[in-house]
Amino acid sequence: MTKKNPPNPMNRGAQLLYRWRYDKGLRQRDCCKLFDCDQAQLSKWETGKITPSRKMAVTIERLTMNVVTCGSWDDEPLPSYEVDPVLNPDFDPHLAPKG
């Protein structure tokens, strides 16, 4: 079984949300229950196609215990090799450089 690479997001929030879900071993449907959203919406957040509302960004920040911060949705993405779970399994978003 090959692992899928994370999406090529347009913002850091998308990267961090995908990585958080990957690290927790959660499926999208599990996160949808947690965030009270539908799977299409979560998928669009993770691929950077859309960003969550400020209210939802605050909810995501709280539920991810500050791993995916509200401001991260406005930041430039990190290089993909830094957040790719296959290439960098020890990635810690709290130590990631700020843009």
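Please refer to the structure placed before this passage.
Overview of the structure.

Reading the values: the criteria
- Residues numbered from 1 in each chain as written.
- Predicted model: local features only at pLDDT ≥ 70, side-chain atom pairs only at ≥ 80, totals over all residues.
- Heavy atoms only, no water.
- Helix = DSSP H or I, 4+ residues; strand = E, 2+ residues; numbered from the N terminus.
- Buried < 20%, exposed > 50% of the residue type's maximum accessible area, 1.4 Å probe, protein only.
- Core = buried A, V, L, I, M, F, W, Y, C linked by side-chain atoms within 4.5 Å.
- Expected span 1.5 Å × (residues − 1).
- Contact = heavy atoms within 4.5 Å.
- Polar contact = N/O pair within 3.5 Å; in protein donor to acceptor, adjacent residues only side chain to side chain.

Before going further, it helps to spend a moment on unusual backbone geometry. Phi at Asp-36 is positive, roughly 55°, even though this residue is not glycine. Mapping Asp-36 onto the fold places it in the loop between helix 2 (28-35) and helix 3 (39-46). One non-glycine residue, Asn-66, adopts positive backbone phi at about 70°. Along the chain, Asn-66 falls in the loop between helix 4 (54-63) and helix 5 (80-83). The class for Asn-66 is partly exposed, based on a relative accessible area of 43%.

Of all hydrophobic cores here, the largest spans 21 residues; its most connected members are Leu-17, Phe-35, Leu-42, Trp-45, Ile-60, Val-68 and Trp-73. Where this core is concerned, the elements lending two or more residues are helix 1 (12-24), helix 2, helix 3 and helix 4. Considering every element that reaches this core, the biggest residue donor is helix 1, with four residues.

Over its 13 residues, helix 1 runs 18 Å from end to end, which matches the ideal 18 Å to within 8%, given 1.5 Å per residue. Most of helix 1 sits out of view: ten of its 13 residues are buried. By the burial criterion, the buried members of helix 1 are Arg-12, Gly-13, Ala-14, Gln-15, Leu-16, Leu-17, Tyr-18, Arg-19, Trp-20 and Arg-21. Buried residues along helix 1 sit in contact with helix 2, helix 3, helix 4 and helix 5. Two or three places before Gly-13, at the opening of helix 1, Asn-11 has a side-chain oxygen 3.2 Å from that residue's backbone nitrogen.

As a further point, take the side chain of Ser-72. Following the sequence through the fold, Ser-72 ends up in the loop between helix 4 and helix 5. Given a relative accessible area of 1%, Ser-72 falls into the buried group. Aside from chain neighbours lying at most four places away, what touches Ser-72 is Asn-11, Arg-12, Gly-13 and Leu-16.

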